[in-house]
Amino acid sequence: VQLQASGGGLVQPGGTLRLSCAASTRTFSAYALAWFRQAPGKERQSVAASNRSGTSAYYADSAKGRFTISRDNAKNMVYLQMNNLKPEDGAVYYCAATARSGWIDLTSPQAFDVWGQGTLVTVSS
């Protein structure tokens with residue numbers, strides 16, 4: 001599978017962005033998906049994750065109440081809707097996928113085998 005992230009850009013504090021990630025695979029529903037972000041000089045951190053069916057989602061504390069992860073298994077797409085953006089949300093955002101079976105720590109970058117190229121989000125006035 002290959003992932004292609006898009007939708008980043010410059011937005012003012014309080015603004016919204018919707019990130020998209022397209023997957024090239026015939027077995028999209030076999031993958032758990034996640035969004036991570038990495039700011040300059042910082043470690044890559046989990047933002048949100050979705051199980052294979054899209055019926056369960058995880059959010060980092062910083063994302064709860066503002067961000068929403070969703071997936072469309074028919075279109076091989078995963079999205080991250082980001083509302084009320086803050087300057088500290090600025091980072092390169094990556095989508096990631098894993099087809100590993102069993103229990104998976106969806107907050108850990110090490111659990112994911114496939115990564116998109118990243119899309120830059122800048123929150124500034």
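Model, not experiment: these values are computed from the prediction.

Definitions and cut-offs
- Residues numbered from 1 in each chain as written.
- Predicted model: local features only at pLDDT ≥ 70, side-chain atom pairs only at ≥ 80, totals over all residues.
- Heavy atoms only, no water.
- Pairing = 2+ DSSP bridges.
- Helix = DSSP H or I, 4+ residues; strand = E, 2+ residues; numbered from the N terminus.
- Disulfide = S-S within 2.5 Å.

Draft legend 1. Spatial organisation of the pairing of strand β3 (residues 17-24). Examined bridge by bridge, strand β1 (residues 2-6) and β3 share five bridges and lie antiparallel to one another. Paired with Ser6 across the bridge in β3 is Ser20. Note that β3 and strand β8 (residues 77-82) share six bridges and pair antiparallel. Across the sheet, Ala22 pairs through a bridge with Met77, a residue of β8.

Draft legend 2. Quick peek at the state of the cysteines. As enumerated under the stated definition, the model contains one disulfide in all. Sulfur-sulfur distance for the disulfide between Cys21 and Cys95 comes to 2.1 Å. Residues Cys21 and Cys95 are joined by a disulfide whose S-S torsion is about 60°; by sign, that bridge is right-handed. Linking Cys21 in strand β3 with Cys95 in strand β9 (residues 91-98), this pair joins segments that are 74 residues apart in sequence.

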